[in-house]
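# Residue-level structural notes
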Amino acid sequence: MQLDAIFEVFKPTKHGYQKRFLPIEPTEGYIPAITCTTQNNGIACYMPREGAEVLENMVSVGANGDAPAFYQLREFALLQDCYALKFKGRELNRLQYLFLVVCLNKVLAKFD
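Residues numbered from 1 in each chain as written. Predicted model: local features only at pLDDT ≥ 70, side-chain atom pairs only at ≥ 80, totals over all residues. Heavy atoms only, no water.

### Observations regarding the sheet that holds strand S6 (residues 77-80)
This is how it is decided: Any two strands with at least two DSSP-identified bridges between them are counted as paired. Each helix corresponds to a stretch of at least 4 residues labelled H or I by DSSP, and each strand to a stretch of at least 2 residues labelled E; elements are numbered beginning at the N terminus. Each axis is a line fitted through C-alpha atoms, and for a helix only the stretch in contact is used; angles between axes span 0 to 180 degrees, taken between their N-to-C directions.
Strands sit in the order S3-S2-S6 across an open sheet of three strands; the sheet is mixed. Each edge of the open sheet is held by one strand with a lone partner, namely strand S3 (43-48) and S6. Taking the axes of each pair of neighbouring strands and ignoring which way they run, one obtains an average angle of 45 degrees across the sheet.

### A look at the environment of Ala44
Where we set the bar: Accessible area is worked out with a 1.4 Å probe on protein chains only. A residue is then buried under 20% of its type maximum, exposed over 50%, and partly exposed in between. Two residues qualify as a contact provided that any one of their heavy atoms is within 4.5 Å of a heavy atom in the partner residue.
Checked against the element boundaries, Ala44 lands in strand S3. By relative accessible area, which is 22% here, Ala44 ends up partly exposed. Taking the C-alpha atoms as reference, Ala44 lies 5.9 Å from Ile34; in sequence the two are ten residues apart. Here Ala44 is in contact with Lys19, Ile24, Ala33 and Thr35, once residues within four sequence places are set aside.

### Regarding the pairing of S3
Of all the six residues making up S3, five are buried; the element is thus mostly covered by neighbouring parts of the structure. Pairing between strand S2 (residues 30-35) and S3: five bridges, direction antiparallel. Residue pairing for S3: Pro32 is matched across the bridge by Tyr46.

### Describing the nonpolar core
Note the following rule: Buried Ala, Val, Leu, Ile, Met, Phe, Trp, Tyr and Cys residues that are joined via side-chain atoms within 4.5 Å together make up what is termed a nonpolar core.
Counting residues in hydrophobic clusters, the biggest one holds eleven residues: Phe7, Val59, Val61, Ala69, Tyr71, Leu85, Leu92, Tyr97, Leu100, Val101 and Leu104. Those elements giving two or more residues to this core turn out to be strand S4 (58-62) and helix H2 (94-111). Per-element accounting of this core gives the leading share, four residues, to H2. Filtering out sequence-adjacent residues up to four positions away, Leu100 remains in contact with Phe7, Phe87 and Leu92. Formed by ten residues, the second largest nonpolar core is a distinct cluster that contains Phe10, Ile43, Tyr46 and Met58.

### Overview of the pattern of salt bridges
Rule in force here: Any carboxyl oxygen of Asp or Glu that lies within 4 Å of a side-chain nitrogen of Lys or Arg is treated as forming a salt bridge with it.
Following the criterion strictly, the structure yields two salt bridges and no others. Between Glu91 and Lys86 there is a salt bridge, and its shortest N-O distance comes to 3.6 Å. Since its relative accessible area comes to 22%, Lys86 is described here as partly exposed.

Right under this line is the structure:
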């Protein structure tokens, strides 16, 4: 079964921001920027909300390396090297997404 049969897959959108120039602490008007990292729920920095593709209530997954899947309850944007997954068919609650994250991380650890 293909991943896109179960999830709507979101890829990072093009923008002019470079991670090294973005703040690493929460800043007003900025939202968490998710990238391929194993720390801080995938949040690498914060990017301006204006002009970003704002996502929420989804799972973020690293596109390479050993980064795990994380549940993202609040608004976020994809920066680079990751995807966001939203369950197709119906809206899931926090506990259902957390269960999916556990399952995805087991699969990712086994097949990398």
